Amino acid sequence: MSHDDVKTELSPRREDEAQAPAFMVSVAAGPDAGKNVLVDMHSPSATLVGKSAASQLPLVDPTVSRRHASLEVAGSALRVRDLGSTNGTRVNGVRVAEAFLVGGETLDVGSTTLVVERRAVAAQKLSAAVSFGRMVGASTPMRRLYPLLEKLAASSLPVLVEGETGTGKELLAEALHENGPRRLGPFVVLDCATVPASHAEAALFGQAGTDNAGVFGQAHDGTLLLDEVGELSPALQGKLLRAIERGEVARVGEDRVTKFDVRVIATSRRDIEKEVEQGRFREDLFYRLAVGRVELPPLRSRTGDVKLLAEFFWKRLGATDRPLPPELVRKLEGYGWPGNVRELSNAIARRYALGDSDLDDDLAGGHGGAPDDAFQWVIDRDLAYTTARDLVQAEFERAYVTHVLGQHNGNVSRAAAASGLGRRYFQILRARQR
């Protein structure tokens, strides 16, 4: 099933209202008195309030956290969420984790008082697109994102993609590359979460006296994806920052520098700004990577997309002659999907391959953990933790890639789709096994 098929089968909801709800949030008391921000439904992500310069309402109040609270229009209300702040968020004096405001309330963050006023703005039509690259979604949060993604794809700006596990961060990075000016260049991935710390610098910059050019050298004239960049050590973060700023690297053990022309896209399932606040991630590197910033919404907030995606995965696997059972679709829509789109893709692939199986139990929360003896052969070898972990990771990747390729008769595109991974990323996993 192609994306053109998706476009013809699904028509986005029409936005007929002449006006849309909006809220003016103004600083009434505190060091930043007079500042304000308009929150409306057209923003591709939530409006952030905090000390971070990346916030849409930046505050200098020392009692305010870096990422203190988020604001977004939800229906006809203003949704306020505390983001784990130190001193809390209060609505009309009551501390809240989440609240829905209608206008007229006071909002206290730290020692700063905000007032919320209801406004109305001219309604803008949401994007008519239901996909970007191989990412599919027709929900309001996704359709708000598409115009931003199109602009980012057309540039060579660094981009930081954040979101929960399984939301499609790697797939988005691949789509930005394939729809941008560097599409004919290489797309290189470094999984920062799995590369051993002792080899990370050589993996990034290369090793003198070897044919290892490092991922920066490999990605010249193309795109480099730093997957889970928050896993890099602080020392390596500093070297990464210098490389990006100067556009040059020196191989480990070598003084001579080599110029490169690479677009950097970084992903993280962590809250990178919280990592900055807690001293685990360099602030200057954060700002260097987050020139363009995208936060992918979790599947549970993408109303309507579970059914759309389930049918898309089902047909892409080849089930064009039989629709998904309606009762299964209802169960899919009633499940919380903690693993997001990847979990849904895997569930559909399992149903396609096995028919009526354990899927109903899985949707009821019956996922079983791996038995202890699955790892005992590694544990019994008394290896260092990182060595044992890497061995298990490598064995899992080998077994998984072999299995899913076998399920799809060696077809890489179908195997990647069933895995919930980008095609290029799957090919990288496959190449490791060789």
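Residues numbered from 1 in each chain as written. Predicted model: local features only at pLDDT ≥ 70, side-chain atom pairs only at ≥ 80, totals over all residues. Heavy atoms only, no water.

Visitor: Summarise unusual backbone geometry; cite the residues concerned and give the values.
Guide: A positive phi angle, near 50°, is found at N92, a position not held by glycine. You can see N92 is positioned in the loop between β7 (89-91) and β8 (94-96). (Helix = DSSP H or I, 4+ residues; strand = E, 2+ residues; numbered from the N terminus.)

Visitor: Give a detailed account of the sheet that holds strand β15 (residues 187-191), specifying residues and quantitative values.
Guide: The parallel open sheet is built from 5 strands, whose spatial order is β15-β16-β19-β14-β20. A strand with exactly one partner marks an edge of an open sheet, and here the two such strands are β15 and β20 (292-295). Within the sheet, the average angular offset between the axes of one strand and its neighbour, ignoring direction, is 15°. Relative to strand β19 (residues 263-268), strand β14 (residues 159-162) runs parallel, the two being bridged by 4 bridges. What sits directly across from E162, in β19, is S268. The strands touched by helix α2 (residues 140-153) within the sheet are β14, β19 and β20, with β20 carrying the most contacts at an inclination of about 145°. Sheet contacts for helix α3 (residues 169-178): β14, β15, β16 (223-227), β19 and β20; angle to β19, the most-contacted strand, approximately 165°. (Pairing = 2+ DSSP bridges. Axes fitted to C-alpha atoms, helices over the stretch in contact; angles between N-to-C directions. Contact = heavy atoms within 4.5 Å.)

Visitor: An account of the packing of aromatic side chains is needed here, citing residue identities and associated values.
Guide: Taken as a whole and assessed by the stated rule, the structure comprises 6 aromatic pairs. With a centroid separation of 5.9 Å and 20° between ring planes, the pair formed by F205 and F216 is classed as stacked. Here F205 is found in helix α4 (residues 200-205), whereas its partner F216 is found in helix α5 (residues 214-218), with 11 residues between them in sequence. Between Y335 and W337, the ring centres sit 4.5 Å apart and the planes meet at 85°, which makes this aromatic pair edge-to-face. Take Y335 and W337: they sit in the same class, and that class is buried. Of the aromatic side chains, those joined through ring pairs into one cluster are F205, F216 and F260. (Phe/Tyr/Trp six-rings, centres within 6.5 Å; stacked < 30°, edge-to-face > 60°. Buried < 20%, exposed > 50% of the residue type's maximum accessible area, 1.4 Å probe, protein only.)

Visitor: Explain the nonpolar core to me, and be specific about the residues and the numbers.
Guide: Generally speaking, a soluble globular protein has its nonpolar side chains buried in company with each other. L172, L344, I348 and F426 are the most contacted members of the largest nonpolar core, which has 56 residues in total. For this core, the element with the highest residue contribution is helix α9 (residues 305-316), accounting for 7 residues. Apart from residues lying up to four places away in sequence, F426 is in contact with V401, V404, L405, V412, A415, A416, S419 and L421. One finds A243, V264, F281 and L289 within the second-largest nonpolar core, a separate group that totals 33 residues. (Core = buried A, V, L, I, M, F, W, Y, C linked by side-chain atoms within 4.5 Å.)

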